[in-house]
Protein chains: 4
Amino acid sequence: MQLSLFQIDNYGPWTVTPEPRRETDLQSLQARLYADIADFVGRSDGYVFFDRFDNMFGVTNGMDRTDHVSLQEQVRNSYPVTLSVGIGVDELPFEALGKASRALQQEGSAQDEHRQERLAGTATADPGPVTVAHFDIVGATDKYTDREHPFDTTIAVQRAVLSLSEHLRDEYDSIAHFVGGDNIIAICPPLESTAFTDIREHIAERTGIELQVGFGRGQTAHSAGYRAKEGLEICRESGQRVAYPQTPSDD
Amino acid sequence: MQLSLFQIDNYGPWTVTPEPRRETDLQSLQARLYADIADFVGRSDGYVFFDRFDNMFGVTNGMDRTDHVSLQEQVRNSYPVTLSVGIGVDELPFEALGKASRALQQEGSAQDEHRQERLAGTATADPGPVTVAHFDIVGATDKYTDREHPFDTTIAVQRAVLSLSEHLRDEYDSIAHFVGGDNIIAICPPLESTAFTDIREHIAERTGIELQVGFGRGQTAHSAGYRAKEGLEICRESGQRVAYPQTPSDD
Amino acid sequence: MQLSLFQIDNYGPWTVTPEPRRETDLQSLQARLYADIADFVGRSDGYVFFDRFDNMFGVTNGMDRTDHVSLQEQVRNSYPVTLSVGIGVDELPFEALGKASRALQQEGSAQDEHRQERLAGTATADPGPVTVAHFDIVGATDKYTDREHPFDTTIAVQRAVLSLSEHLRDEYDSIAHFVGGDNIIAICPPLESTAFTDIREHIAERTGIELQVGFGRGQTAHSAGYRAKEGLEICRESGQRVAYPQTPSDD
Amino acid sequence: MQLSLFQIDNYGPWTVTPEPRRETDLQSLQARLYADIADFVGRSDGYVFFDRFDNMFGVTNGMDRTDHVSLQEQVRNSYPVTLSVGIGVDELPFEALGKASRALQQEGSAQDEHRQERLAGTATADPGPVTVAHFDIVGATDKYTDREHPFDTTIAVQRAVLSLSEHLRDEYDSIAHFVGGDNIIAICPPLESTAFTDIREHIAERTGIELQVGFGRGQTAHSAGYRAKEGLEICRESGQRVAYPQTPSDD
């Protein structure tokens, strides 16, 4: 699969030049830039995650070099900041992102004022399939949102996210990311149901939090992720904890 | 101080009705809604955090009941979803947010389709001062962004965020939140420099991550937070690890 | 009343430097900038019109100098362009806008690269009342949208807008602006119903287009404009062509 | 060429239900929706014009039926309103838009609450070339912006737009649209330089306004329009009034 790393050029220094910029303006800027990138990547059936906002990454199967350049152009024409991008291809998501990052790091520091709008790495026309897993917390609204202090709910979700991120990285070369509410999406190599059963148990043991998960495969993050969402709906309705929707034919 | 909890009404069910909505569309929606709320609250010199996106919270000193209603109106006129809001006032941020949440929980479940655009709790004209602390990781670009795998950097930041969130809640009734990059902002009662020195040491022991922090006080999150940013700039330039900019007069 | 002229600094040259920028990016930029200014001004119960996009103007009763500076700051932190602003106060809208413009013209050319983020003219705490008239075309959907070629409808609306703009300027020192669909909003001195009857007849004679109009007065564009909208609803329901909603007390 | 008409479903009634919505919210909504459509269509190298905002239209060469459905989906997931679309194909732009509109009108009234998210007409894989002309007013900043009352400038531009719209429709089956500043873009069949010389003269006679124009041809609005922009730059630099940049090969 193909992953891209999107990095705002020299962003840290910009936020305090000539003096610290208003925090809510920075929050708006970061959120809108992420939304625009999500729209752009989504148009090619990719997924993108906000990560640390000054760095974002996503599955960009279906986006060629020209598409990446168009995105950089759109950002330059819309925002007071510019974007450098690294592209990496590998069967393992963690490796793909690593390649994207190393390609970009070779172009210079993220805080080098002369490193601007670089596009490093090579896009591929045949990135191979992707497996997407969509997790949430069993009964989150009942157990947490309507009952607990909201910050305790947030901390519980953060624990689940961190624990899942570490475990998926260490054991499965996968990348997990929080996507809002109690939802976590992971980009994986072609894991089977037994792996997800093991993952659920590991997280429950470590954090006491019970997850359910739907997963799917496809040629794009959207096609795989849509099946994962359908799987999660099956879990919600049936009480099943891991669901892999059968599809008559892959896309 | 006054904190407000912003909750998208019945959002979970909406995201899968009549079938799962496109993930990148949901990501865009959440990010743009957060950006609009940040702009709105920022206009009154408040701060708002994206939290779990379906729940957001912020310091809303200076926003009265009418302002909150205006925000709800703007959201209704701009988005396919609506917003309920809880308001809480307390000297302790954790308590203020708890009050905001309990007021809202009494209006019904976040997933009750009949609970729509509620405004619970009472705004105050005299919310009292706020202390804002702005943390970042010492040497993050050198040590992490330009050197490490980006997902390892993200995990390191997540550990710092989680550790700081837990510690500040347990020991200081404070609320910490990730705001992008390696930056974490905490809303606090009137802590002194010694407390922040202790906090830094605690996090370093638990996670191995070295933080630096500027903090400030003011009648609004912006005035306190701006001083905190100035303090952090002092740290970055001087090597000092905790900075509290002296100001001739409070605003 | 107080009117403000918002002008993008050195915008023309920017759109073709170093080479012509993508037209759809420029269209997005202009539209989003206008939307942000509309949100900002709307928060103070003002109105703003897109005018020629590189120049926008609005009724800014209730916005002081600091508010204008905050808007300039928000734009600088959000966009690749900056904004200069002129403020004018007069009982006659055309004069108020003229004053705003002359104050800004004295700061230098709109295409002077050294004229950046100027704020010219003086805001007033007591701008006096405003009269807003909200026009639309009688039976537009039936007569035009569902029946005619859309470009012929557009041309008909443009004729009405131009004719109304010229007539209101020449005879009433008022400013009219297209606001979407078949709607035109005019900012006026305290005109009476007879004036609007005359205006309708003039436009019908010149263009063959029959308008209806609600108008209202208030201390802000929003309070006046809201009554104007209510008046227009009365017209739509009753067949009346000019409506001035009676209100027990002014705001 | 292929033109698409984008129409907000039942928008007029929505703006006043249950009572008139805040005008600045409507302005923001319309502008942001237009910006999103511009981004979406621009991604396929199309152009889109804001027209009357509740109706927008554009050249959509390169967008198939699925792309149009994706746009409708994105709008539904982002806004409190939905979009119906008509598609028309013809060598003459005015005819293409007419076909798009008639296809949509047959689906029901724009204010029929049961007509929602319709997609009428048929997209083509081979829409044929498009000619784009990009006009502006000679010396606009010197003559108008820096010198005249801004509303007089606006009226002058409106006269040029209206006059050009009428003339291009009547004589050349073309569609002209204001795009900000003193810029007007026309979508044309394959006209020659002599036609644009005649058009300039006609407008000068009728309005006293001197236009200059660059035009270009291409398989998409962007490729044609980019050459038109280059042509206009040639005019600005050389004093030439009509420019058609020679290109070694068409795209």
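These numbers were taken from a predicted model, which means no experiment stands behind them.

Engineer: When you look at the overall build of chain A in this model, what are you seeing that I'm missing?
Structural biologist: Per the secondary structure count, chain A includes eight helices and ten strands. Against the 2.2 N^0.38 benchmark of 18 Å for 251 residues, chain A shows a C-alpha radius of gyration of 19 Å, consistent with a compact globule. The dimensions of chain A, computed from C-alpha atoms along their principal axes, are 55 × 45 × 30 Å. Taken across its 251 residues, chain A has 68% of its residues classed as buried. In chain A, 69% of the contacts between residues at least 6 apart in sequence involve partners at least 24 apart. Surface summary for chain A: the accessible area is close to 8,500 Å², and the carbon and sulfur share equals 44%. Chain A carries 22 positive and 40 negative side-chain charges, and their two centres are separated by 2 Å.

Engineer: What is the right way to look at the side chain of Glu166 of chain C in this model?
Structural biologist: Tracing the backbone shows Glu166 of chain C in helix α6 (residues 150–172). Its relative accessible area of 16% is what places Glu166 of chain C among the buried residues. Not counting residues within four places of it along the chain, the set of residues in contact with Glu166 of chain C comprises Ile155 and Arg159 of chain D.

Engineer: Looking at this model, I keep getting lost on the interface of chain A and chain B. Mind explaining?
Structural biologist: Interface extent is often summarised as the accessible area lost during association of the parts. At the junction of the two partners, chain A supplies 75 residues and chain B supplies 76 residues. Carbon and sulfur atoms make up 56% of the surface buried where chain A meets chain B, a total of about 6,300 Å² over both sides. When residues of chain A are sorted by the area they lose upon contact with chain B, Glu23, Arg52 and Phe151 of chain A head the list and together hold 11% of the total. Between chain A and chain B we count twelve salt bridges in total. The partner of Glu166 of chain A in a salt bridge is Arg159 of chain B, with the nearest N and O atoms 2.6 Å apart. For the pair chain A and chain B, the number of links is 46 residue pairs in polar contact (both at pLDDT 80 or more).

Engineer: Explain the interface of chain C and chain A here, please?
Structural biologist: Residue-level contacts link 14 residues of chain C with 14 residues of chain A. For the pair chain C and chain A, the summed buried area comes to about 1,200 Å², and 35% of that belongs to carbon and sulfur atoms. Of all residues in chain C, Asp25, Asn77 and Pro80 of chain C give up the largest surface area on contact with chain A, accounting jointly for 42% of the area buried on that side. Linking chain C with chain A are two salt bridges. Joining chain C to chain A, the criterion identifies four residue pairs in polar contact (both at pLDDT 80 or more). Taken together, the elements giving at least two residues each to the side of chain C that touches chain A come down to α2 (23–43) and α3 (65–78) of chain C. A per-element tally of the side of chain C that touches chain A places α3 of chain C first, with five residues.

Engineer: Even after reading the chapter, I still don't get the relation of the copies chain A and chain B, so can you show me in this structure?
Structural biologist: Note that the two copies of the chain are related through a rotation about an axis and a translation along the same axis. When chain A is brought onto chain B, the operation consists of a screw motion whose angular component is 180° and whose axial shift is 0.0 Å, with 0.0 Å RMSD remaining. These values place the two chain copies in the arrangement generated by a two-fold rotation axis. Judged by C-alpha distance, Ala31 of chain A is the residue of chain A that lies nearest the rotation axis, at 2.5 Å. Counting the interface residues of chain A, we find that 100% of their copies in chain B are interface residues as well, pointing to one common contact surface.

Engineer: Would you mind going over the relation of the copies chain C and chain A with me for this structure?
Structural biologist: Least-squares fitting of chain C to chain A yields an RMSD of 0.0 Å, with the transformation described by 0.0 Å of translation along the axis and a rotation of 180°. Of the residues that chain C buries at the interface, 100% are likewise interface residues in chain A, meaning the two copies contact each other through the same surface.

Engineer: So what exactly am I meant to see when it comes to helix α3 (residues 65–78) of chain A here?
Structural biologist: Since there are 3.6 residues in each turn of an α-helix, residues three or four apart along the chain are aligned in direction. Residues and elements named next belong to chain A. The first and last C-alpha atoms of α3 sit 20 Å apart over 14 residues, in line with the 20 Å expected at 1.5 Å per residue. Taken together, the buried positions of α3 are Asp67, His68, Leu71, Gln72, Glu73, Gln74, Val75, Asn77 and Ser78. If you check the start of α3, you find a side-chain oxygen 3.2 Å away from the backbone N of Thr66, and it comes from Asp64.

Engineer: Explanation requested: the environment of Arg52 of chain C in the structure shown.
Structural biologist: Relative to the helices and strands, Arg52 of chain C resides in the loop between β2 (47–49) and β3 (55–59). Spatially, the C-alpha atoms of Arg52 of chain C and Cys235 of chain C are 30 Å apart, while their sequence positions differ by 183 residues. Beyond its immediate sequence surroundings of up to four residues, Arg52 of chain C is in contact with Thr145, Pro150, Thr153, Thr154, Val157, Phe178, Gly180 and Gly181 of chain D.

The rules behind each value
Residues numbered from 1 in each chain as written. Chains lettered and ligands numbered in written order. Predicted model: local features only at pLDDT ≥ 70, side-chain atom pairs only at ≥ 80, totals over all residues. Heavy atoms only, no water. Helix = DSSP H or I, 4+ residues; strand = E, 2+ residues; numbered from the N terminus. Rg over C-alpha atoms; globule rule 2.2 N^0.38 Å. Buried < 20%, exposed > 50% of the residue type's maximum accessible area, 1.4 Å probe, protein only. Contact = heavy atoms within 4.5 Å. Areas by Shrake-Rupley, 256 points an atom, 1.4 Å probe, with all protein chains shown as cover. Lys, Arg positive; Asp, Glu negative; His and termini not counted. Charge placed at Lys NZ, Arg CZ, Asp CG, Glu CD. Buried area = accessible area lost by both parts, 1.4 Å probe. Salt bridge = Lys/Arg side-chain N within 4 Å of Asp/Glu carboxyl O. Polar contact = N/O pair within 3.5 Å; in protein donor to acceptor, adjacent residues only side chain to side chain. Least-squares fit on C-alpha atoms with pLDDT ≥ 70 in both. Expected span 1.5 Å × (residues − 1).

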